Amino acid sequence: RSKKTEPCGYWSCKIIQQKGEFFVVEYTGLEANLVNEIVELHRLRLPNRNPPIASKSFYKCIIELPDSLRDVCEDMSLHRDLLKACNARMIVGDKYAGTLTMLSQSEDLIYRAEMLAD
């Protein structure tokens, strides 16, 4: 935190020097470019190598259900096989709308879900 009123968070930094479990870090991206601080090991974390989440990170497919299946669509235990078959990460059933909404990080979800819906 730069001020006591700010919430805690992680700032990007570069390790300049290490001695034992203490590190001299230089914060990057701050207004004052050369801000150095001595921190302990437990205050540092490894950089995240994953790309940031964007709107194209997830694929969504909505399947209309027949009236006979609307009552059972909310039971999540029934969707385990469908999760595996469609490579979905999450399935949500809406009894009132009569739909199953599936989310995945794979574009194959749309193709597989449409095939199974037929």
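Check the entry above for the structure.
Residues numbered from 1 in each chain as written. Predicted model: local features only at pLDDT ≥ 70, side-chain atom pairs only at ≥ 80, totals over all residues. Heavy atoms only, no water.

1. Topic: the overall build of the protein
In plain terms, the rule: Strands here are runs of E lasting at least two residues and helices are runs of H or I lasting at least four, both read from the DSSP assignment and numbered beginning at the N terminus. Our radius of gyration looks at C-alpha atoms and nothing else; its globule reference is 2.2 Å times the residue count to the power 0.38. Burial status follows relative accessibility: with a 1.4 Å probe on protein chains alone, a residue under 20% of its type maximum counts as buried, one over 50% as exposed, and anything between as partly exposed.
Within the protein, the regular secondary structure consists of two helices and six strands. Seen in sequence order, the protein has helices and strands lined up from the N terminus as β-β-β-β-α-β-β-α. By the compact-globule yardstick of 13 Å for 118 residues, the protein is too spread out, its C-alpha radius of gyration being 24 Å. For the C-alpha atoms alone, the extent of the protein along its principal axes is close to 65 × 30 × 25 Å. Every one of the 118 residues in the protein was classed for burial, and the buried ones make up 18%.

2. Quick word on the pairing of strand 5 (residues 90-94)
Rules: Two strands are said to pair when DSSP picks up at least two bridges between them.
Residues of strand 5 alternate between two faces, with Ile91 and Gly93 buried on one and Met90, Val92 and Asp94 left unburied on the opposite face. Connecting strand 5 to the antiparallel partner strand 6 (residues 99-104) that follows it, the hairpin turn spans four residues, and Gly98 within it adopts a positive phi of roughly 70°.

3. Here we look at the side chain of His79
Of note, His79 is situated in the loop between strand 4 (59-64) and helix 1 (80-86). Here His79 falls in the buried class, since its relative accessible area comes to 6%.

4. A short note on the pairing of strand 6
Looking at chain direction, strand 4 and strand 6 are connected through six bridges and run antiparallel. Within strand 6, the position partnered with Ile63 by the bridge is Leu100. Direction of pairing for strand 5 relative to strand 6: antiparallel, over a ladder of five bridges. When the bridges of strand 6 are listed, Asp94 appears paired with Thr99.

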